[in-house]
Amino acid sequence: MPNPLPLKSRFDLPEGVIYLDGNSLGPLPRGAQARVAQVLSDEWGQQLIKAWNTAGWMAMPARVGDRIARLIGAPEGSVTTGDTLSIKVYQALAAALKMAPSRRVILSDTGNFPSDLYMAQGLIGTIGQGHELRLAEPEAVLEAITEEIAVVMLTHVDYRTGRLHDMEAITKAAHAAGAVMIWDLAHSAGAVPVDIAASEAEFAVGCTYKYLNGGPGAPAFIYARPDIIDHVKPALAGWLGHDTPFAMEPGYRPAMSTERLRVGTPPIVQLALLDHALDIWEGVDMQALRAASIRLSERFICEVEARCPQLRLASPRDPQARGSQVSFAFEDGYPVMQALIERGVIGDFRAPNILRFGFTPLYLDEADVVRAAEILGDVMAEGVWQEPHYSVRSRVT
Ligand SMILES: *Cc1c(COP(=O)(O)O)cnc(C)c1O
């Protein structure tokens, strides 16, 4: 039997806060402190360097990867963890470009997260073979897939609008044109059901501090399709991706498995935190989670539109066409969000004008989203956001 949602008791959320930003940084899972304390005292403290073997540290990237694999429809052994998402984007893209050596165009869309685009730009400079990063509008990606394209690199759920790409159709079109497909699942893993194996995409990457609640700086994950992994040429050929790292050979020889996508020493304390966070996902049915997410976001849109005529829905109205977040456009979105946060409703602001709210059925129920909409309604009606101090920008928005 799947666990009924929500599972609020599994999280330590502060009193009086309605947290609608789990799409950016998931909250603290209850018991995380004890897990970290155990890693520090029993493992690092007592076992010292032996812990790489005795506490299973060296196997952790793959073991935790297998737990993520279940959530994205990937087979066992096809996902590893480590580094940050930006690094994993670079790795996947470099490997994908080597699979299409006669082509020079990377296709992405204007809604992609800047870091993915920046990593592509940096990689193009490093390779120095005249590659081009071409951006289509999100709605026009399918038509932009031509036989010039080496790699299609897209983020499944648009970080700003929540717009969802059709993973199967786009992957099929990419393959029909002879291109390699990379999906960024940053806003999909733990948010919407994903069947990456069925899509037949070559690569997928994602982060674990958003919907998976692994904590700030939690390691990223990378998937490569099992039938290609032994031919993937890792751009970042670190020693822990070597077939026999402790043979200390002078030449790089990649591991004949997903291990070749590892780079250097794994972040053990962060991996332990993520492992602990993934316990909550045991027994969560992704279809049930999706249904709950849609109920929450539909209710929120309805309640906000009834109260805030000034806000314009910037997400697709069809719930099947969006991920687990809802955005509203408003010119003075920044001070509105600051006023809202001060009243205990935490969402975030994305330039130039987007108020963004994430819906996470693990720890939110309908009463929470109705209350959040009421508070947003008050902030808009009373115009309290116009007080000057709400417009002072912080480093992180
Ligand atoms: C959150 C996010 C990132 C962040 O990358 P980091 O290296 O983890 O900072 C990158 N790409 C996408 C699509 C994201 O949503």
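Numbers given to residues run from 1 along each chain, matching the order in which its sequence is written. Totals for whole chains, interfaces and linings use every residue, but because this is a predicted model, local features are given only for residues with pLDDT of at least 70 and side-chain atom pairs only at 80 or more, for both listing and counting. Each side-chain value is derived from all of the structure's non-hydrogen atoms; neither hydrogens nor water enter the calculation.

A short note on the packing of helix 10 (residues 286-307) against helix 12 (residues 366-382)
Whenever a helix is involved, its axis is fitted only over the stretch in contact; in every case the axis is a line through C-alpha atoms, and angles between N-to-C directions fall within 0 to 180 degrees. Secondary structure elements are defined from DSSP: runs of H or I of at least 4 residues count as helices, runs of E of at least 2 residues count as strands, and each element is numbered from the N terminus. Running from N to C, helix 10 and helix 12 point in directions that differ by 25°, and their axes come no closer than 9 Å. Viewed along their axes, helix 10 and helix 12 adopt a mutual orientation that is roughly parallel. When you trace helix 10 past helix 12, the crossing you get is right-handed. Across the interface between the two elements, Arg 295, Leu 296, Arg 299, Phe 300, Glu 303, Val 304 and Arg 307 from helix 10 touch Glu 366, Val 369, Val 370, Ala 372, Ala 373, Glu 374, Leu 376 and Gly 377 from helix 12. In this scheme, roughly parallel covers angles under 35 degrees and roughly antiparallel covers those over 145, while 65 to 115 is roughly perpendicular and the rest are oblique. Whether a crossing is left-handed or right-handed is set by the direction in which the near helix is turned from the far one by less than a right angle, anticlockwise for left-handed and clockwise for right-handed. Contacts were defined at the residue level, with two residues in contact if any of their heavy atoms lie within 4.5 Å.

Examining the pairing of strand 4 (residues 132-136)
Any two strands with at least two DSSP bridges between them are considered paired. Of the pairings in the sheet, the one linking strand 3 (residues 105-109) to strand 4 comprises 5 bridges and is parallel in character. Across the sheet, Asp 109 pairs through a bridge with Ala 136, a residue of strand 4. Classification remark: right-handed applies to a crossover when, strands pointing away from the viewer, the course from the first strand over the helix to the second runs clockwise. Taken together, strand 3, helix 5 (residues 114-127) and strand 4 form a β-α-β motif whose crossover is right-handed.

Quick look at the domain arrangement of the protein
With domains assigned, the protein is organised as domain 1 (8-28 + 285-391) and domain 2 (33-281). Here the bounds of each domain stem from an automatic or database domain assignment. Once you take the C-alpha centre of each, domain 1 and domain 2 turn out to be 29 Å apart. Counting from both sides, the interface comprises 33 residues of domain 1 and, opposite them, 24 residues of domain 2. Both faces considered, domain 1 and domain 2 share a buried interface measuring about 2200 Å² in area, 61% of it formed by carbon and sulfur atoms. Put simply, buried area is how much 1.4 Å-probe accessible surface two parts lose in total, over both of them, once they are put together. The largest contributions to the domain 1 side of the interface with domain 2 come from Arg 10, Met 286 and Gln 325, which together make up 22% of the buried area. For this analysis, a salt bridge means a side-chain nitrogen from Lys or Arg found within 4 Å of a carboxyl oxygen belonging to Asp or Glu. The interface formed by domain 1 and domain 2 holds 0 salt bridges in total. Each polar contact in these results corresponds to two N or O atoms within 3.5 Å; when the atoms are within protein, one needs to be able to donate a hydrogen and the other to accept it, and residues that are neighboring in sequence are counted only if both atoms are side-chain atoms. In this structure, the connection of domain 1 to domain 2 is made through 11 residue pairs in polar contact (both at pLDDT 80 or more). Broken down by element, the residue count for the side of domain 1 that touches domain 2 peaks at 4 residues, all from helix 10.

Things to note about the packing of aromatic side chains
Pairing of aromatic rings covers Phe, Tyr and Trp, the last through its six-membered ring, and needs centres within 6.5 Å; plane angles under 30 degrees mean stacked, over 60 mean edge-to-face, and all others mean tilted. Counted under the stated rule, the structure contains 9 aromatic pairs. Taken together, a centroid distance of 5.2 Å and an interplanar angle of 55° make the contact between Phe 300 and Phe 359 tilted. Taken as a pair, Phe 300 in helix 10 and Phe 359 in the loop between strand 13 (354-358) and helix 12 lie far apart in primary sequence, 59 residues in all. This pair shows no difference in class: Phe 300 is buried, exactly as Phe 359 is. Both rings, one in Phe 330 and one in Trp 385, keep their centres 5.5 Å apart while their planes meet at 90°; by these two values the pair is edge-to-face. Throughout, exposure labels follow a simple rule: accessible area from a 1.4 Å probe, protein chains only, divided by the maximum for the residue type, with under 20% read as buried, over 50% as exposed, and the rest as partly exposed.

Some remarks on the site of the ligand
A single heavy atom is enough: if one lies within 4 Å of a molecule or strand, its residue is considered near that molecule or strand. Near the ligand you find Thr 84, Leu 85, Ser 86, Phe 113, Asp 116, Thr 155, Asp 184, Ala 186, His 187, Tyr 209 and Lys 210, and these make up its full shell. At a separation of 3.4 Å, an oxygen atom of the ligand approaches a polar backbone atom of Leu 85. One of the side-chain nitrogen or oxygen atoms of Ser 86 is found 2.7 Å away from an oxygen atom of the ligand. Shrake-Rupley sampling with a 1.4 Å probe provides the accessible areas, and residues are treated as covered by the protein chains on show and by no other component. Summarising the interface, the protein chains cover 86% of the accessible area of the ligand, which totals 390 Å² for the free molecule. Its residues assigned to classes, the shell around the ligand shows 4 nonpolar, 4 polar and 3 charged. Three classes are used, and their members are as follows: Ala, Val, Leu, Ile, Met, Phe, Trp, Tyr, Cys and Pro are nonpolar, Asp, Glu, Lys and Arg are charged, and the others, Gly among them, are polar.

Overview of the packing of helix 1 (residues 32-47) against helix 9 (residues 268-279)
Running from N to C, helix 1 and helix 9 point in directions that differ by 140°, and their axes come no closer than 9 Å. For the pair helix 1 and helix 9, the crossing hand works out as right-handed. For the pair formed by helix 1 and helix 9, the contact residues are Ala 32, Arg 35, Val 36, Val 39 and Leu 40 on the first element and Ile 268, Val 269, Ala 272, Leu 273, Asp 275 and His 276 on the second. Class assignment for the residues of the contact of helix 1 with helix 9 results in 8 nonpolar, 1 polar and 2 charged.

Overview of a nonpolar patch on the surface
A grouping of Leu 40, Trp 44, Leu 48, Ile 49 and Val 269 is seen on the molecular surface, where their side chains present a nonpolar patch of about 530 Å² in accessible area. Position of Val 269 relative to the elements: it lies in helix 9. When its relative accessible area of 34% is taken as the criterion, Val 269 is described as partly exposed. Patch members must show over 30% relative accessible area and no salt bridge, and they are joined within 9 Å when carrying like charges or within 5 Å when they are nonpolar side chains of Val, Leu, Ile, Met, Phe, Trp or Tyr.

Quick look at helix 12
An ideal rise of 1.5 Å per residue puts 24 Å on 17 residues; helix 12 measures up with 24 Å between its terminal C-alpha atoms. When helix 12 is considered as a whole, its buried residues turn out to be Asp 368, Val 369, Val 370, Ala 372, Ala 373, Ile 375, Leu 376, Gly 377, Val 379 and Met 380. The N-capping residue of helix 12, defined by a side-chain oxygen 3.2 Å from the backbone nitrogen of Ala 367, is Asp 365. Downstream of helix 12 by one or two residues, Gly 383 has phi in the positive range, about 65°. A helix is expected to span 1.5 Å for every residue after the first.

Regarding the sheet that holds strand 13
Picture the strands of a sheet paired through backbone hydrogen bonds; they go either parallel or antiparallel. Spatial strand order, 9-10-13-12: 4 strands in an open sheet with antiparallel pairing. Each end of this open sheet is capped by a strand with a single partner; those strands are strand 9 (312-313) and strand 12 (348-350). Most of the contacts of helix 11 (residues 333-342) go to strand 13, to which it runs at about 40°, and overall it touches strand 12 and strand 13.

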